Amino acid sequence: MTATDVLGPHRIVPVVVLDDPARADDLGAALVAGGLPVAEVTFRTPAAGAVMGALAARGDLVVGAGTVITTEQVDLAHRAGATFVVSPGLSAAVVRRCQELDLAVLPGVCTASEIIAALDLGLDTVKFFPAEAYGGLATIKALAAAFPQVRFVPTGGITADSAPSYLAHRAIAAVGGSWMVAPDLLAAGRWDEVAARCAGAVGLYAPSASAELQGASS
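The present account deals with the structure reproduced in this document.

1. A short note on the overall build of the chain
Here is step 1 of the chain: Secondary structure assignment for the chain yields 11 helices and nine strands.
Here is step 2 of the chain: Taken over the C-alpha trace, the chain has a radius of gyration of 16 Å; the compact-globule value for 218 residues is 17 Å, and the two agree within 12%.
Here is step 3 of the chain: Judged by the C-alpha coordinates and their principal axes, the chain covers about 50 × 35 × 25 Å.
Here is step 4 of the chain: For the chain, the proportion of its 218 residues judged to be buried stands at 50%.
Here is step 5 of the chain: Looking at the chain as shown, the accessible area adds up to about 9000 Å², and 54% of this sits on carbon and sulfur atoms.
Here is step 6 of the chain: Across the chain, the centroid of the 13 positively charged side chains sits 4 Å from that of the 20 negatively charged ones.

So this is what it looks like as structure tokens:
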């Protein structure tokens, strides 16, 4: 199972930090309403596993685990119903455990050596992180020239304004971002705004789909 198989047509991955599982269902409903039924729930809070489980239980979302740095977290994500795993760096142990469990995995890379290590592990799609801090699209273009078989999912500092330039490049499979699920929106329960931002995000790569969503909500 590859990350592109799991993500399907979705080319923007909302990166979620949520510390209250009771809000997970509302978040899931907002993502679905906005036409972006994907969530990378990061292991940055103790409640991450419970949030993943609540979102996966809905049955209408693609749920992944982010900030995964140990095989124990891989197992927890798998038990919670996650179908993909994202790491900030490249851990061979994490990748191999994901492969054992048939979980799609996106290890974080930012150098040619790390890309070669990912290729050695049988991967052809990687996370580029932290994207903006490591030169953004210019760096990805340079790496893509040397590794034309590799596709990238840049994450870190990407915004609604910068995402389109990334998405236009042939080497970009998707981008990760948090602007549509910003922590202040989740804390305040501003689910209509989350849905609207998701619809706007979809419009960055599928304008016709976004127009249909906006028309349906008006």
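Now, onward.
2. Quick word on the side chain of serine 162
Here is step 1 of the chain: Within the secondary structure, serine 162 sits in the loop between strand E8 (151–154) and helix H8 (163–167).
Here is step 2 of the chain: Only 2.9 Å separates the side chain of serine 162 from the backbone nitrogen of threonine 159, close enough to count as a polar contact.

3. A few points about the pattern of salt bridges
Here is step 1 of the chain: With the rule as written, the count across this model stands at six salt bridges.
Here is step 2 of the chain: Two residues, arginine 58 and aspartate 60, come together in a salt bridge whose shortest N-O distance is 2.9 Å.
Here is step 3 of the chain: Note on arginine 58: relative accessible area 26%, which makes it partly exposed.
Here is step 4 of the chain: Residue classification places aspartate 60 among the partly exposed residues on the basis of a relative accessible area of 32%.
Here is step 5 of the chain: Arginine 97 is the salt-bridge partner of aspartate 75, the closest N and O atoms lying 2.8 Å from each other. Placement of aspartate 75 in helix H4 (residues 71–80) and of arginine 97 in helix H5 (residues 92–100) is noted, with a sequence separation of 22 residues between them.
Here is step 6 of the chain: According to the relative accessible area criterion, arginine 97 is partly exposed, its value standing at 26%.

4. Considering the nonpolar core
Here is step 1 of the chain: The biggest cluster of nonpolar side chains holds 66 residues, and the ones touching the most others in it are Ile12, Leu27, Met52, Phe152 and Val194.
Here is step 2 of the chain: The biggest single contributor to this core is helix H10 (residues 191–202), with six residues.
Here is step 3 of the chain: Look past the residues within four positions of phenylalanine 152 in its chain and what remains in contact with it is Ile115, Val126, Phe128, Ile140, Leu143, Ala144, Ala171, Ile172, Ala173 and Ala174.
Here is step 4 of the chain: Core analysis: the next-biggest nonpolar cluster, separate from the first, contains 13 residues, Ala3, Val62, Ala104 and Leu106 among them.

5. Some thoughts on the side chain of threonine 155
Here is step 1 of the chain: Looking at where threonine 155 falls in the secondary structure, it is placed in the loop between E8 and H8.
Here is step 2 of the chain: The contacts of threonine 155, once residues within four sequence positions are left out, are Val15, Lys127, Phe128, Phe129, Pro130, Ala131 and Gly176.

What counts, and where the lines are drawn
Residues numbered from 1 in each chain as written. Predicted model: local features only at pLDDT ≥ 70, side-chain atom pairs only at ≥ 80, totals over all residues. Heavy atoms only, no water. Helix = DSSP H or I, 4+ residues; strand = E, 2+ residues; numbered from the N terminus. Rg over C-alpha atoms; globule rule 2.2 N^0.38 Å. Buried < 20%, exposed > 50% of the residue type's maximum accessible area, 1.4 Å probe, protein only. Areas by Shrake-Rupley, 256 points an atom, 1.4 Å probe, with all protein chains shown as cover. Lys, Arg positive; Asp, Glu negative; His and termini not counted. Charge placed at Lys NZ, Arg CZ, Asp CG, Glu CD. Polar contact = N/O pair within 3.5 Å; in protein donor to acceptor, adjacent residues only side chain to side chain. Salt bridge = Lys/Arg side-chain N within 4 Å of Asp/Glu carboxyl O. Core = buried A, V, L, I, M, F, W, Y, C linked by side-chain atoms within 4.5 Å. Contact = heavy atoms within 4.5 Å.

By themselves, these figures tell us nothing about what the structure is for.
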